[in-house]
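One letter stands for each residue in the lines below.
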Amino acid sequence: MKEIEEVRIEFEEKIKKLKPEDLKKLETYFLGRKGKVAYLFELLRNIPAKEKRETGQQINELKEYIENRILQYKQLFEEEEQQEKLLKESIDITVPGLKSEFGYLHILSMVIKEIEEIFLSMGFDIMTGPEIESDYYNFEALNIPEFHPARDLQDTFYLSQKLLLRTQTSPIQVRTMEVQKPPIRIIAIGKCYRRDASDSSHSPIFHQIEGLVVDKNVSFANLKGTLLEFTRQMFGKDTKVRFSPSYFPFVEPGAETAISCVICKGKGCRVCKQSGWLEMGGSGMVHPNVLKNVDIDPEKFQGFAFGWGIERIAMIKYSIPDIRMFLQNDLRFLEQFK
Ligand SMILES: [Zn+2]
(Lines give C-alpha, C1' and ligand atoms only; values in the text may rest on other atoms or scores of the structure.)
Protein backbone atom coordinates (compact mmCIF):
# COMPACT_ATOMS: atom_id res chain seq x y z
CA MET A 1 0.00 0.00 0.00
CA LYS A 2 1.74 3.11 -1.27
CA GLU A 3 -0.14 5.41 1.17
CA ILE A 4 1.83 3.92 4.07
CA GLU A 5 5.09 5.02 2.48
CA GLU A 6 3.61 8.47 1.70
CA VAL A 7 2.63 8.98 5.32
CA ARG A 8 6.07 7.88 6.50
CA ILE A 9 7.80 10.33 4.10
CA GLU A 10 5.50 13.16 5.17
CA PHE A 11 6.21 12.35 8.81
CA GLU A 12 9.98 12.35 8.26
CA GLU A 13 9.83 15.73 6.53
CA LYS A 14 7.65 17.27 9.20
CA ILE A 15 9.56 15.98 12.19
CA LYS A 16 12.85 17.28 10.78
CA LYS A 17 11.52 20.84 10.97
CA LEU A 18 9.66 20.33 14.25
CA LYS A 19 9.65 23.13 16.81
CA PRO A 20 8.72 22.46 20.43
CA GLU A 21 5.52 24.48 20.24
CA ASP A 22 4.31 22.39 17.23
CA LEU A 23 4.78 19.01 18.88
CA LYS A 24 1.18 18.63 20.02
CA LYS A 25 -0.09 19.64 16.56
CA LEU A 26 2.13 17.06 14.87
CA GLU A 27 0.99 14.33 17.24
CA THR A 28 -2.65 15.08 16.50
CA TYR A 29 -1.95 15.32 12.77
CA PHE A 30 -0.56 11.79 12.59
CA LEU A 31 -1.92 9.93 15.63
CA GLY A 32 -5.20 11.79 16.33
CA ARG A 33 -8.64 10.25 15.93
CA LYS A 34 -8.87 11.79 12.48
CA GLY A 35 -5.13 11.70 11.84
CA LYS A 36 -3.05 10.13 9.08
CA VAL A 37 -2.62 6.77 10.81
CA ALA A 38 -6.37 6.50 11.45
CA TYR A 39 -6.85 7.29 7.74
CA LEU A 40 -4.52 4.38 6.83
CA PHE A 41 -6.54 2.01 9.00
CA GLU A 42 -9.67 3.19 7.18
CA LEU A 43 -8.06 2.34 3.85
CA LEU A 44 -7.42 -1.16 5.17
CA ARG A 45 -11.12 -1.95 4.84
CA ASN A 46 -10.94 -1.73 1.08
CA ILE A 47 -8.00 -3.99 0.41
CA PRO A 48 -8.21 -7.74 -0.33
CA ALA A 49 -8.59 -9.97 2.73
CA LYS A 50 -5.33 -11.89 2.18
CA GLU A 51 -3.26 -8.66 2.25
CA LYS A 52 -5.09 -7.25 5.24
CA ARG A 53 -3.01 -8.96 7.86
CA GLU A 54 0.36 -7.90 6.48
CA THR A 55 -0.70 -4.38 5.59
CA GLY A 56 -2.30 -3.97 9.02
CA GLN A 57 0.97 -5.01 10.55
CA GLN A 58 2.86 -2.42 8.45
CA ILE A 59 0.47 0.32 9.57
CA ASN A 60 0.93 -0.76 13.19
CA GLU A 61 4.69 -0.67 12.78
CA LEU A 62 4.47 2.83 11.32
CA LYS A 63 2.20 3.91 14.15
CA GLU A 64 4.63 2.57 16.73
CA TYR A 65 7.53 4.22 14.92
CA ILE A 66 5.74 7.61 14.88
CA GLU A 67 4.84 7.28 18.57
CA ASN A 68 8.43 6.52 19.50
CA ARG A 69 9.90 9.36 17.45
CA ILE A 70 7.43 11.83 18.91
CA LEU A 71 8.26 10.58 22.41
CA GLN A 72 11.98 11.04 21.70
CA TYR A 73 11.41 14.59 20.57
CA LYS A 74 9.22 15.29 23.58
CA GLN A 75 12.04 14.19 25.90
CA LEU A 76 14.59 16.15 23.88
CA PHE A 77 12.54 19.33 24.08
CA GLU A 78 12.00 18.88 27.80
CA GLU A 79 15.72 18.47 28.36
CA GLU A 80 16.49 21.55 26.30
CA GLU A 81 13.96 23.56 28.24
CA GLN A 82 15.46 22.36 31.51
CA GLN A 83 18.96 23.29 30.34
CA GLU A 84 17.83 26.73 29.29
CA LYS A 85 16.17 27.27 32.65
CA LEU A 86 19.29 26.18 34.51
CA LEU A 87 21.41 28.47 32.37
CA LYS A 88 19.17 31.40 33.17
CA GLU A 89 19.16 30.65 36.87
CA SER A 90 22.84 29.86 37.16
CA ILE A 91 25.13 32.25 39.03
CA ASP A 92 28.02 33.68 37.11
CA ILE A 93 30.76 33.87 39.70
CA THR A 94 32.95 35.92 37.38
CA VAL A 95 30.56 38.92 37.40
CA PRO A 96 32.08 41.70 39.57
CA GLY A 97 30.21 42.08 42.89
CA LEU A 98 28.29 45.12 44.04
CA LYS A 99 30.54 46.79 46.57
CA SER A 100 28.83 48.14 49.65
CA GLU A 101 30.29 51.29 51.15
CA PHE A 102 32.10 50.96 54.45
CA GLY A 103 31.14 53.40 57.15
CA TYR A 104 33.78 55.69 58.57
CA LEU A 105 34.13 58.11 61.44
CA HIS A 106 32.96 61.71 61.18
CA ILE A 107 35.88 64.11 60.96
CA LEU A 108 35.04 65.49 64.42
CA SER A 109 35.05 61.99 65.94
CA MET A 110 38.45 61.36 64.37
CA VAL A 111 39.86 64.59 65.78
CA ILE A 112 38.38 63.82 69.21
CA LYS A 113 40.02 60.38 69.12
CA GLU A 114 43.34 61.92 68.16
CA ILE A 115 43.14 64.47 71.00
CA GLU A 116 42.18 61.78 73.51
CA GLU A 117 45.12 59.62 72.48
CA ILE A 118 47.58 62.47 72.95
CA PHE A 119 46.30 63.28 76.43
CA LEU A 120 46.04 59.60 77.42
CA SER A 121 49.72 59.25 76.51
CA MET A 122 50.43 62.19 78.83
CA GLY A 123 48.70 60.42 81.73
CA PHE A 124 45.31 62.14 81.63
CA ASP A 125 42.00 60.38 82.32
CA ILE A 126 38.92 61.05 80.20
CA MET A 127 35.77 62.24 81.98
CA THR A 128 32.25 62.97 80.76
CA GLY A 129 29.35 64.95 82.13
CA PRO A 130 25.72 65.73 81.32
CA GLU A 131 24.79 68.13 78.52
CA ILE A 132 21.78 69.31 80.51
CA GLU A 133 23.34 71.06 83.48
CA SER A 134 22.12 72.86 86.52
CA ASP A 135 22.77 76.54 86.96
CA TYR A 136 25.01 75.58 89.88
CA TYR A 137 27.50 73.46 87.92
CA ASN A 138 27.54 75.59 84.79
CA PHE A 139 27.92 78.93 86.59
CA GLU A 140 27.80 79.22 90.35
CA ALA A 141 30.41 76.58 91.26
CA LEU A 142 32.67 78.09 88.60
CA ASN A 143 32.72 81.43 90.36
CA ILE A 144 30.14 82.96 88.03
CA PRO A 145 27.59 84.38 90.47
CA GLU A 146 24.09 85.53 89.70
CA PHE A 147 23.99 88.76 87.67
CA HIS A 148 27.38 87.98 86.15
CA PRO A 149 27.37 89.05 82.47
CA ALA A 150 28.38 85.50 81.37
CA ARG A 151 24.92 84.37 82.50
CA ASP A 152 23.24 86.62 80.02
CA LEU A 153 20.02 85.02 78.80
CA GLN A 154 21.10 85.84 75.30
CA ASP A 155 24.09 83.52 75.55
CA THR A 156 22.47 80.52 77.22
CA PHE A 157 19.72 78.05 76.30
CA TYR A 158 17.73 77.83 79.52
CA LEU A 159 15.38 74.85 79.87
CA SER A 160 13.91 76.12 83.13
CA GLN A 161 14.88 78.52 85.89
CA LYS A 162 17.57 76.14 87.13
CA LEU A 163 18.32 73.89 84.14
CA LEU A 164 20.18 74.78 80.97
CA LEU A 165 22.21 73.30 78.11
CA ARG A 166 25.81 73.58 79.27
CA THR A 167 27.62 76.49 77.65
CA GLN A 168 31.06 74.98 78.34
CA THR A 169 32.64 71.71 79.44
CA SER A 170 33.92 73.35 82.66
CA PRO A 171 31.06 71.94 84.82
CA ILE A 172 32.85 68.59 84.40
CA GLN A 173 35.78 70.11 86.37
CA VAL A 174 33.46 70.67 89.30
CA ARG A 175 31.77 67.26 89.02
CA THR A 176 35.20 65.57 88.91
CA MET A 177 36.61 67.46 91.90
CA GLU A 178 33.48 66.64 93.93
CA VAL A 179 34.15 62.91 93.72
CA GLN A 180 37.92 62.76 93.25
CA LYS A 181 40.58 64.21 95.47
CA PRO A 182 43.94 65.46 94.11
CA PRO A 183 46.03 64.48 92.28
CA ILE A 184 43.58 65.07 89.40
CA ARG A 185 44.60 64.98 85.78
CA ILE A 186 41.67 64.82 83.39
CA ILE A 187 40.33 65.97 80.08
CA ALA A 188 36.64 66.14 79.15
CA ILE A 189 35.37 66.44 75.62
CA GLY A 190 31.75 67.15 74.80
CA LYS A 191 29.06 69.21 73.14
CA CYS A 192 28.34 72.74 74.31
CA TYR A 193 25.48 75.04 73.43
CA ARG A 194 25.32 78.79 73.06
CA ARG A 195 22.76 81.08 71.58
CA ASP A 196 25.22 82.29 68.96
CA ALA A 197 24.04 83.38 65.55
CA SER A 198 25.53 80.87 63.16
CA ASP A 199 28.28 82.07 60.82
CA SER A 200 31.52 80.67 59.41
CA SER A 201 33.16 80.55 62.85
CA HIS A 202 30.16 80.32 65.24
CA SER A 203 27.67 77.53 65.74
CA PRO A 204 25.01 77.13 68.45
CA ILE A 205 26.35 73.58 68.96
CA PHE A 206 30.07 73.01 69.22
CA HIS A 207 32.54 70.75 71.03
CA GLN A 208 35.02 71.69 73.66
CA ILE A 209 37.97 69.99 75.28
CA GLU A 210 38.42 70.84 78.90
CA GLY A 211 41.62 70.06 80.72
CA LEU A 212 42.11 70.08 84.48
CA VAL A 213 45.11 69.29 86.64
CA VAL A 214 45.02 69.69 90.44
CA ASP A 215 47.94 68.68 92.60
CA LYS A 216 50.56 70.04 94.99
CA ASN A 217 53.04 72.50 93.45
CA VAL A 218 51.17 72.93 90.17
CA SER A 219 52.22 76.14 88.46
CA PHE A 220 51.55 78.13 85.31
CA ALA A 221 54.69 76.53 83.85
CA ASN A 222 52.92 73.14 83.97
CA LEU A 223 49.99 74.62 82.04
CA LYS A 224 52.34 76.01 79.41
CA GLY A 225 54.25 72.75 79.14
CA THR A 226 51.07 70.68 78.79
CA LEU A 227 49.53 72.86 76.08
CA LEU A 228 52.83 73.12 74.23
CA GLU A 229 53.26 69.35 74.22
CA PHE A 230 49.68 68.83 73.01
CA THR A 231 50.06 71.51 70.34
CA ARG A 232 53.28 70.02 69.02
CA GLN A 233 51.77 66.54 68.78
CA MET A 234 48.60 67.84 67.15
CA PHE A 235 49.93 70.46 64.74
CA GLY A 236 53.63 69.71 64.34
CA LYS A 237 56.73 70.11 66.49
CA ASP A 238 57.54 73.66 65.33
CA THR A 239 54.21 75.05 66.53
CA LYS A 240 54.49 77.70 69.25
CA VAL A 241 51.97 78.59 71.98
CA ARG A 242 51.33 82.16 73.09
CA PHE A 243 49.69 83.17 76.36
CA SER A 244 48.20 86.63 76.79
CA PRO A 245 46.54 87.90 79.97
CA SER A 246 42.77 87.57 79.95
CA TYR A 247 39.87 87.29 82.36
CA PHE A 248 37.75 84.21 83.01
CA PRO A 249 35.83 84.04 86.30
CA PHE A 250 36.98 80.51 87.18
CA VAL A 251 40.74 81.07 86.77
CA GLU A 252 43.23 83.45 88.31
CA PRO A 253 45.44 84.41 86.56
CA GLY A 254 43.72 83.72 83.29
CA ALA A 255 45.21 83.65 79.82
CA GLU A 256 43.98 83.59 76.29
CA THR A 257 45.95 81.03 74.30
CA ALA A 258 46.99 81.16 70.67
CA ILE A 259 49.19 78.95 68.52
CA SER A 260 51.52 80.06 65.76
CA CYS A 261 49.70 79.87 62.42
CA VAL A 262 50.20 76.38 61.01
CA ILE A 263 49.49 77.60 57.49
CA CYS A 264 51.96 80.50 57.13
CA LYS A 265 54.23 79.40 60.01
CA GLY A 266 53.76 82.81 61.65
CA LYS A 267 54.53 84.99 58.64
CA GLY A 268 50.95 86.18 58.26
CA CYS A 269 48.19 84.93 55.95
CA ARG A 270 44.47 85.20 55.30
CA VAL A 271 43.60 82.48 57.87
CA CYS A 272 45.45 84.18 60.75
CA LYS A 273 44.38 87.62 59.48
CA GLN A 274 48.06 88.50 58.93
CA SER A 275 48.80 88.22 62.68
CA GLY A 276 50.73 84.94 62.50
CA TRP A 277 48.67 83.61 65.45
CA LEU A 278 45.48 81.57 65.78
CA GLU A 279 43.40 82.02 68.96
CA MET A 280 42.49 78.71 70.58
CA GLY A 281 40.67 79.41 73.86
CA GLY A 282 40.99 80.24 77.51
CA SER A 283 43.23 78.85 80.22
CA GLY A 284 44.60 79.72 83.62
CA MET A 285 45.18 78.69 87.21
CA VAL A 286 42.02 77.34 88.88
CA HIS A 287 40.45 80.11 90.97
CA PRO A 288 40.71 79.47 94.76
CA ASN A 289 36.93 79.95 95.02
CA VAL A 290 36.34 77.04 92.63
CA LEU A 291 38.59 74.81 94.76
CA LYS A 292 36.84 75.94 97.95
CA ASN A 293 33.44 75.10 96.40
CA VAL A 294 34.50 71.44 96.19
CA ASP A 295 36.31 71.34 99.54
CA ILE A 296 39.84 71.35 98.18
CA ASP A 297 42.18 73.53 100.23
CA PRO A 298 43.67 76.18 97.89
CA GLU A 299 46.51 76.65 100.37
CA LYS A 300 47.64 73.05 99.78
CA PHE A 301 46.63 72.42 96.20
CA GLN A 302 46.79 74.37 93.00
CA GLY A 303 45.39 73.56 89.61
CA PHE A 304 45.34 74.67 86.02
CA ALA A 305 42.59 74.39 83.46
CA PHE A 306 42.01 75.11 79.80
CA GLY A 307 39.16 74.94 77.34
CA TRP A 308 39.73 74.77 73.59
CA GLY A 309 37.23 74.34 70.75
CA ILE A 310 37.35 70.99 68.96
CA GLU A 311 35.93 72.43 65.74
CA ARG A 312 38.61 75.12 65.86
CA ILE A 313 41.33 72.48 66.21
CA ALA A 314 39.86 70.44 63.33
CA MET A 315 39.44 73.51 61.11
CA ILE A 316 43.08 74.51 61.59
CA LYS A 317 44.48 71.01 61.19
CA TYR A 318 42.44 70.13 58.09
CA SER A 319 42.04 73.63 56.54
CA ILE A 320 38.24 73.63 56.88
CA PRO A 321 36.99 77.15 56.16
CA ASP A 322 33.49 77.06 57.72
CA ILE A 323 32.33 75.59 61.07
CA ARG A 324 28.86 74.91 59.61
CA MET A 325 30.31 72.20 57.33
CA PHE A 326 30.62 69.80 60.29
CA LEU A 327 26.86 69.57 60.75
CA GLN A 328 25.61 69.84 57.17
CA ASN A 329 26.02 66.10 56.46
CA ASP A 330 27.26 66.80 52.95
CA LEU A 331 29.01 63.59 51.82
CA ARG A 332 31.19 65.54 49.38
CA PHE A 333 32.71 67.22 52.45
CA LEU A 334 32.73 64.22 54.80
CA GLU A 335 34.20 61.74 52.29
CA GLN A 336 37.40 63.76 52.09
CA PHE A 337 38.30 62.55 55.59
CA LYS A 338 37.74 58.79 55.12
ZN1 LIG B 1 48.80 82.49 58.94
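On a predicted model such as this, the values are computed, not experimentally measured, just so you know. (Residues numbered from 1 in each chain as written. Predicted model: local features only at pLDDT ≥ 70, side-chain atom pairs only at ≥ 80, totals over all residues.)

> So what about the sheet that holds strand β6 (residues 241–246)? Which residues, and what values?
The strands making up a sheet are joined through hydrogen bonds of the backbone, oriented either antiparallel or parallel. With mixed pairing, 7 strands are arranged side by side in an open sheet as β1-β4-β5-β9-β8-β7-β6. The outermost strands of the open sheet, each flanked by one partner alone, are β1 (125–127) and β6. Strand-to-strand, the axes of this sheet are offset by a mean angle of 25 degrees, without reference to chain direction. In this sheet, strand β9 (residues 302–309) lies alongside strand β5 (residues 205–215) in antiparallel orientation, the contact comprising 8 bridges. Its bridge partner lying in β9, E210 is registered against G307. In this fold helix α7 (residues 171–179) packs onto β1, β4 (184–193), β5 and β9, with an angle of close to 35 degrees to the strand it touches most, β5. (Pairing = 2+ DSSP bridges. Helix = DSSP H or I, 4+ residues; strand = E, 2+ residues; numbered from the N terminus. Axes fitted to C-alpha atoms, helices over the stretch in contact; angles between N-to-C directions. Contact = placed C-beta atoms within 7 Å.)

> Could you give me a rundown of the pairing of β6, with the residues and numbers involved?
In the sheet, β6 pairs with strand β7 (residues 251–260) via 6 bridges, with the strands oriented antiparallel. Bridge pairing in β7 places S246 opposite G254. Connecting β6 to the antiparallel partner β7 that follows it, the hairpin turn spans 4 residues.

> Help me get a handle on unusual backbone geometry, residues and values and all.
With an omega of 5 degrees, the peptide bond running from P182 to P183 counts as cis. Here P183 is to be found in the loop between α7 and β4. With an omega of 0 degrees, the peptide bond between E252 and P253 qualifies as cis. Its location among the elements puts P253 in strand β7.

> Before we move on, can you summarise the packing of helix α3 (residues 36–44) against helix α4 (residues 49–89) with the specific residues and values?
Between α3 and α4, the shortest axis-to-axis distance is 10 Å and the interhelical angle comes to 175 degrees. In terms of their interaxial angle, α3 and α4 are classed as roughly antiparallel. Side by side, α3 and α4 meet where V37, L40, F41 and L44 of the first sit next to K52, T55, G56, I59, L62, K63 and I66 of the second. Here the residues of the contact of α3 with α4 sort into 7 nonpolar, 2 polar and 2 charged. (Parallel < 35°, antiparallel > 145°, perpendicular 65-115°, else oblique. Nonpolar A, V, L, I, M, F, W, Y, C, P; charged D, E, K, R; others polar.)

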